[in-house]
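An overview of the molecular structure
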Amino acid sequence: MNIRPMLESDVEAVFLLEQECFPDPWSRKSIRDTLQEECSCMLVAEDNGVLCGYLNSTYLFEELNLNRIAVSPNFRRRQAGVSLLRALFAFCGEHGLTRLMLEVRESNLPARRLYESLGFVTLGERKNFYQNPPETGVIMEKILEESL
Ligand SMILES: CC(C)(COP(=O)(O)OP(=O)(O)OC[C@H]1O[C@@H](n2cnc3c(N)ncnc32)[C@H](O)[C@@H]1OP(=O)(O)O)[C@@H](O)C(=O)NCCC(=O)NCCS
């Protein structure tokens, strides 16, 4: 599994992955616009040259928000999710980002287990945070040590 920064040429494959993994996929334009934002970190996971996972995050001051992480169903449980997040932690270390935030559907146990395994803790819940179907959002946080 190889992790690298997302490129403009990955937009189509990431768009297909979004469609494969989410009921409310991001559009090509939203993906491209976020990639072009100065304060975004977009990473992809490749297996033998096949794009099989991606991570989409944006940051402001010292806080980063994880917008998306997705791994293609055929490639799950092979540590792609962990590898993408570890690469994100390294990016945060290099950019002075110390607080990582995310929201996750209450019923999304694979994602919640993944985040917990990497030290994210639950801060609280937001009722009806998600639509189609409506669902509680669980807010999670991870504090990274600032490197001296
Ligand atoms: C969540 C997701 C990204 C995990 O990707 P993955 O590459 O399969 O995860 P990993 O192989 O790195 O898993 C690491 C750990 O997370 C936990 N985990 C992952 N999937 C799990 C599952 N289905 N059930 C229970 N625990 C799970 C386990 O602790 C796992 O370690 P283990 O395999 O040694 O037991 C993937 O399931 C996915 O794309 N889901 C759909 C999109 C989504 O819901 N994204 C999150 C919201 S933005």
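Rules behind the numbers
Residues numbered from 1 in each chain as written. Predicted model: local features only at pLDDT ≥ 70, side-chain atom pairs only at ≥ 80, totals over all residues. Heavy atoms only, no water. UniProt positions renumbered as here; feature names shortened; annotations may be inferred. Pairing = 2+ DSSP bridges. Helix = DSSP H or I, 4+ residues; strand = E, 2+ residues; numbered from the N terminus. Axes fitted to C-alpha atoms, helices over the stretch in contact; angles between N-to-C directions. Contact = heavy atoms within 4.5 Å. Phe/Tyr/Trp six-rings, centres within 6.5 Å; stacked < 30°, edge-to-face > 60°. Buried < 20%, exposed > 50% of the residue type's maximum accessible area, 1.4 Å probe, protein only. Lys NZ or Arg CZ within 6 Å of the ring centre and 35° of its normal.

Per an unreviewed UniProt entry, the chain is named [Ribosomal protein bS18]-alanine N-acetyltransferase, and its organism is Fumia xinanensis. Per UniProt, the chain has the following entry under Sequence similarities (unreviewed entry): "Belongs to the acetyltransferase family. RimI subfamily." If you open the UniProt record of the chain and go to Function (unreviewed entry), you find "Acetylates the N-terminal alanine of ribosomal protein bS18."

1. Section: the sheet that holds strand β5 (residues 99-105)
On the basis of which strands lie adjacent, the open sheet formed by seven strands has the order β1-β2-β3-β4-β5-β7-β6 and mixed pairing. The sheet is open, and its two edges are formed by β1 (2-5) and β6 (121-130), each paired on a single side. With direction set aside, neighbouring strand axes in the sheet form an average angle of 25°. Pairing geometry for strand β2 (residues 40-47) and strand β3 (residues 50-60), over eight bridges, is antiparallel. What sits directly across from Ser40, in β3, is Thr58. Contacts between helix α1 (residues 11-21) and the sheet are confined to β2, β3 and β4 (63-71), with β3 contributing the most and set at about 90° to the helix.

2. Regarding the packing of aromatic side chains
Under the definition given, this model contains four aromatic pairs. Between Phe89 and Phe120, the ring centres sit 6.3 Å apart and the planes meet at 45°, which makes this aromatic pair tilted. One end of the pair, Phe89, is in helix α3 (residues 80-95); the other, Phe120, is in the loop between α4 (109-117) and β6, and 31 residues separate them in sequence. Overall, the relative accessible area of 15% leaves Phe89 in the buried class. We classify Phe120 as buried; its relative accessible area is 4%. One aromatic cluster is present, formed by Phe89, Tyr115 and Phe120 through successive ring pairs. The ring of Phe89 has Lys142 sitting right over it, with the charged end atom 5.0 Å from the ring centre.

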